[in-house]
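# Structural characterization, general
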Protein chains: 2
Amino acid sequence: MRQFIVLGHEAPTTADFSLEDLSGAGRLDVLCRCVGAAVFLSHGIREAVRVHLVLADEFTLRFDSNSLRRLYPDERTIAARIRDALDQRDDAIGHQPAAVSPGMALYRFGLDATLDAVASDGTVVQLHADGTPLPEAELPSDPVFVLSDHADFTDSEAALLADRADRRLRVGPETLHADQTITVAHNWLDTAGYSEY
Amino acid sequence: MRQFIVLGHEAPTTADFSLEDLSGAGRLDVLCRCVGAAVFLSHGIREAVRVHLVLADEFTLRFDSNSLRRLYPDERTIAARIRDALDQRDDAIGHQPAAVSPGMALYRFGLDATLDAVASDGTVVQLHADGTPLPEAELPSDPVFVLSDHADFTDSEAALLADRADRRLRVGPETLHADQTITVAHNWLDTAGYSEY
């Protein structure tokens, strides 16, 4: 399993946004590209990938690649699915998710509870400028990569991750967009032969 | 200089398409993501990158990162720029481009003439499943990567590239989308310290 937690600091938490201006909807375009980078190969969907979009630390929308259906990699299609999910937000109560489209579930909790939910499943990896460069790093088992959107981690997120992350890795000398970082992380695992499902 | 030629086999050649359905506009969403992957870093634009979108082998739209202005990485914004450029297509005559937005130029020619225009500037690299894996490859000088959109290279494109490509490289064991491939190629050059401007 490969997992990616992406923090959308200003992401919408209601369905009240326009598909015609995703950038203006709390940079939802960034989150859509992250989903695309995480789950799609050229002619299909990767196996055993989960993406957790943390929306303004209030909701978390989980995509499970093994059961996703009829999703396409363009930003607008992914955004439309996110909007459909948020339209069901009243059904997300406590740790009971709203069941939305196949392979998607909306939870009413943020980063802390998301880390709780995934931490027992794998190695929490913070992508960080001071981390070990990928080419020098050992392969983590069942990696859970934590990334931020266009904004940096907040002080409280950084403190939480300092406590919870098992590893710190660095994707390269340049600071990439979150979706580009996901692509590089996947390629690193692919090239190293990582296939632990 | 790093250059990327992306073949958009069914891409629009007129401004007559809707920003509300980029996937339906000859998979223009793929080409938009390629532009974003090629020119953007997290908080800015890369130096010395050129992207050549070959539109149905009829027009080629060139983006020069050093002079691009007011471009943003979401698909819709990039598509709007492409549409604006195609609105000026009548000004592209022979090898004289239509001057559109800053850093963009629209030429009335396809892959063959695009290769002619760039080949003297660098090393033409075909990304191919049978190529040398990136981690084992020597760094090319002034690489010109040639990629296809969601469709494979046609027979005539493959024959042309067999003749014109200096190198064949492979990004990894999985077949990635063109934009993902661009991200991996950039990261390979970044990590290897490539900075030949």
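See the structure shown above.
## Things to note about the overall build of chain A
A tally of helices and strands in chain A yields five helices and 10 strands. For 197 residues, the compact-globule formula gives about 16 Å, and the C-alpha radius of gyration of chain A, at 16 Å, lands near that figure. By principal-axis analysis of the C-alpha atoms, chain A measures approximately 45 × 40 × 30 Å. Per-residue burial over chain A gives 58% buried out of 197 residues. Within chain A, contacts between residues at least 6 apart in sequence are counted, and of these 69% link residues at least 24 apart. Computed over 17 positive and 32 negative side-chain charges, the separation of the two mean positions in chain A equals 5 Å.

## Section: the relation of the copies chain B and chain A
When chain B is fitted to chain A, the residual RMSD is 0.0 Å, and the transformation amounts to a turn of 180° plus an axial shift of 0.0 Å. The operation mapping one copy onto its partner corresponds to a two-fold rotation axis. Rotation axis and chain B: the residue whose C-alpha lies nearest the axis is Val184 of chain B, separated from it by 2.9 Å. Residue by residue, 100% of the interface of chain B is reproduced at the interface of chain A, so both copies engage with the same surface.

## Concerning the sheet that holds strand β9 (residues 143-148) of chain A
Residue and element names in this part refer to chain A. Pairing is mixed across the open sheet formed by eight strands, whose spatial order is β6-β7-β5-β4-β1-β9-β8-β10. Two strands close off the open sheet at either side, each with one partner strand: β6 (98-99) and β10 (167-170). Packing of helix α5 (residues 178-191) onto the sheet brings it into contact with β1 (2-8), β4 (49-55), β8 (123-133), β9 and β10, and relative to β9 it is tilted by some 160°.

## Regarding the sheet that holds strand β1 (residues 2-8) of chain B
Residue and element names in this part refer to chain B. Judged by pairing direction, the sheet is mixed, and its eight strands sit side by side in the order β6-β7-β5-β4-β1-β9-β8-β10 without closing on themselves. Both edges of this open sheet fall to β6 (98-99) and β10 (167-170), since each of them pairs with a single strand only. Judged from the four bridges that link them, strand β5 (residues 59-64) and strand β7 (residues 104-107) form a sheet pairing that is antiparallel. If you follow Phe63 over to β7, its bridge partner there is Met104. Running at roughly 50° to β7, helix α2 (residues 75-86) makes contact with β4 (49-55), β5 and β7 of the sheet.

## What about the pattern of salt bridges?
Residue and element names in this part refer to chain A. For the structure shown, the criterion picks out 20 salt bridges over all chains. Residue Asp29 is joined to Arg27 by a salt bridge in which the shortest nitrogen-to-oxygen separation is 2.9 Å. For the pair formed by Asp29 and Arg27, the shared burial category is buried. The salt bridge involving Glu75 is made with Arg33; its shortest N-O contact spans 2.9 Å. In this pair, Glu75 sits in helix α2 (residues 75-86) while Arg33 sits in helix α1 (residues 28-39), placing the two residues 42 residues apart along the sequence. Each member of the pair Glu75 and Arg33 is classed as buried. Shared partners join several salt bridges into a network, and the residues in it are Arg27, Asp29, Arg33, Glu75 and Asp179.

Definitions and limits used
Residues numbered from 1 in each chain as written. Chains lettered and ligands numbered in written order. Predicted model: local features only at pLDDT ≥ 70, side-chain atom pairs only at ≥ 80, totals over all residues. Heavy atoms only, no water. Helix = DSSP H or I, 4+ residues; strand = E, 2+ residues; numbered from the N terminus. Rg over C-alpha atoms; globule rule 2.2 N^0.38 Å. Buried < 20%, exposed > 50% of the residue type's maximum accessible area, 1.4 Å probe, protein only. Contact = heavy atoms within 4.5 Å. Lys, Arg positive; Asp, Glu negative; His and termini not counted. Charge placed at Lys NZ, Arg CZ, Asp CG, Glu CD. Least-squares fit on C-alpha atoms with pLDDT ≥ 70 in both. Pairing = 2+ DSSP bridges. Axes fitted to C-alpha atoms, helices over the stretch in contact; angles between N-to-C directions. Salt bridge = Lys/Arg side-chain N within 4 Å of Asp/Glu carboxyl O.

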